[in-house]
Amino acid sequence: MALSRYVLLPFQTWNDIVLRAGWWISVVAIGLMVLSILTQVFFRYVLGDPLAWSEEAARFCMLWMTGFMAPLAYRQGGFVAIDMVVRILPPRAGEILSFILLVIPLVVLVTALPIGWGEVTGFSSKFATASLYYPNLEGGWTKVPRSWMGWSLLVGVVLLLTVNIELMLRSIISLFGGGDTLRPIPGATTAGGE
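Residues numbered from 1 in each chain as written. Predicted model: local features only at pLDDT ≥ 70, side-chain atom pairs only at ≥ 80, totals over all residues. Heavy atoms only, no water.

Further remarks concern the overall build of the protein chain. A count of helices and strands for the protein chain gives 5 helices and 2 strands. Counted from the first residue to the last, the protein chain has its helices and strands arranged as α-α-α-α-β-β-α. The globule rule puts the C-alpha radius of gyration for 194 residues at 16 Å, and the 21 Å found for the protein chain is more than 25% above it. Overall, the C-alpha framework of the protein chain stretches about 65 × 35 × 25 Å when taken along its three principal axes. Sorting the 194 residues of the protein chain into buried and exposed places 32% on the buried side. Long-range contacts, defined as pairs at least 24 residues apart, comprise 69% of the intrachain contacts of the protein chain with a sequence gap of at least 6. Total accessible area computed for the protein chain in this model is approximately 11900 Å², and 74% of it derives from carbon and sulfur atoms. Looking at the protein chain, you have 12 positive and 11 negative side-chain charges, and the mean spots of the two groups are 3 Å apart. (Helix = DSSP H or I, 4+ residues; strand = E, 2+ residues; numbered from the N terminus. Rg over C-alpha atoms; globule rule 2.2 N^0.38 Å. Buried < 20%, exposed > 50% of the residue type's maximum accessible area, 1.4 Å probe, protein only. Contact = heavy atoms within 4.5 Å. Areas by Shrake-Rupley, 256 points an atom, 1.4 Å probe, with all protein chains shown as cover. Lys, Arg positive; Asp, Glu negative; His and termini not counted. Charge placed at Lys NZ, Arg CZ, Asp CG, Glu CD.)

So, on to the packing of helix α2 (residues 54–75) against helix α5 (residues 147–175). In helix packing, the relevant descriptors are the interaxial angle and the interaxial distance, both defined with respect to the helix axes. Contact geometry of α2 with α5 gives a least axis separation of 8 Å together with a crossing angle of 5°. In terms of orientation, α2 lies roughly parallel with respect to α5. From α2, Glu56, Phe60, Leu63, Trp64, Gly67, Phe68, Ala70, Pro71, Tyr74 and Arg75 reach across to α5, where they touch Trp148, Met149, Trp151, Ser152, Val155, Gly156, Leu159, Leu160, Val163, Asn164, Glu166 and Leu167. Residues of the contact of α2 with α5, tallied by class, amount to 15 nonpolar, 4 polar and 3 charged. (Axes fitted to C-alpha atoms, helices over the stretch in contact; angles between N-to-C directions. Parallel < 35°, antiparallel > 145°, perpendicular 65-115°, else oblique. Nonpolar A, V, L, I, M, F, W, Y, C, P; charged D, E, K, R; others polar.)

Moving on, we come to the side chain of Asn164. Locating Asn164 in the fold gives a position in helix α5. Assessed through its relative accessible area of 0%, Asn164 is described here as buried. Contacts of Asn164, omitting those with residues within four sequence positions, involve Tyr74, Leu102, Pro105, Leu106 and Leu109.

Residues Leu19, Tyr74, Leu102, Leu109, Leu159, Val163 and Leu167 are the most contacted members of the largest nonpolar core, which totals 17 residues. Here the element with the most residues in this core is α5; it accounts for 7 residues. The contacts of Leu167, once residues within four sequence positions are left out, are Tyr74, Arg75, Leu102 and Ile185. Ranked by size, the runner-up nonpolar core spans 5 residues in total, among them Ala29, Met33, Ala58 and Cys61. (Core = buried A, V, L, I, M, F, W, Y, C linked by side-chain atoms within 4.5 Å.)

Let us now look at the packing of helix α4 (residues 91–121) against α5. Put simply, α4 and α5 touch, their axes get as near as 8 Å, and they point 160° apart. Classed by the angle they form, the pair α4 and α5 counts as roughly antiparallel. For α4 against α5, the interelement crossing comes out left-handed. Classifying every residue of the contact of α4 with α5 by side-chain character gives 24 nonpolar, 7 polar and 3 charged. (Left-handed = near helix turned anticlockwise from the far one by under 90°.)

Time to look at the pairing of strand β2 (residues 141–145). Successive side chains on a regular strand alternate, one facing one side of the sheet and the next facing the other. Examined bridge by bridge, strand β1 (residues 128–135) and β2 share 4 bridges and lie antiparallel to one another. Its bridge partner lying in β2, Tyr133 is registered against Lys143. In textbook terms, the turn of a hairpin is the stretch between consecutive antiparallel strands, and for β1 and β2 this stretch comprises 5 residues, one of which, Gly139, has a positive phi near 95°. (Pairing = 2+ DSSP bridges.)

Across the protein chain, the average pLDDT comes to 86, with 94% of residues at 70 or higher. Here β1 is the element of the protein chain with the lowest mean pLDDT, 77, and α2 is the one with the highest, 92. (pLDDT = per-residue confidence, 0-100.)

So, in structure tokens, the structure goes:
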């Protein structure tokens, strides 16, 4: 059991640090998204001259916000879950079923890794966004590559995978009677959303 705790510790520490930083990045992203949309509303309906870049900027921020918030919500039990079967089973059987149910997202996430990588390195990543620019070193402006949006998918999948592995390790420790000694996940909800 001690070995599983040593295996859990790096995943738990990584998720504590990275998901906290991801939360702040998401807060900034949603703020910029709202600002972009409000700016577009002002320019379109008050000045009558809509901006070309605001919708794409809002979409860019939304993708990155989702890439960082989905793993945090998954770790804290914020996803919709039907856990009544697990709760009506005897404790040991419920823990076994919980572990089996964690294998399904593991398979999905491992399958999603090459898809995310393809979004970053594949054919569509060679194109640039239609209206987003960033300053280059020569003093001009360069269009933002679409791969920067694709990175949000890959980052989200990798973070979801690390969270899923942590949850699986915690499930194994609980299965062998060490669940009472695990440190609670920050912000996690209990069974039944209480």
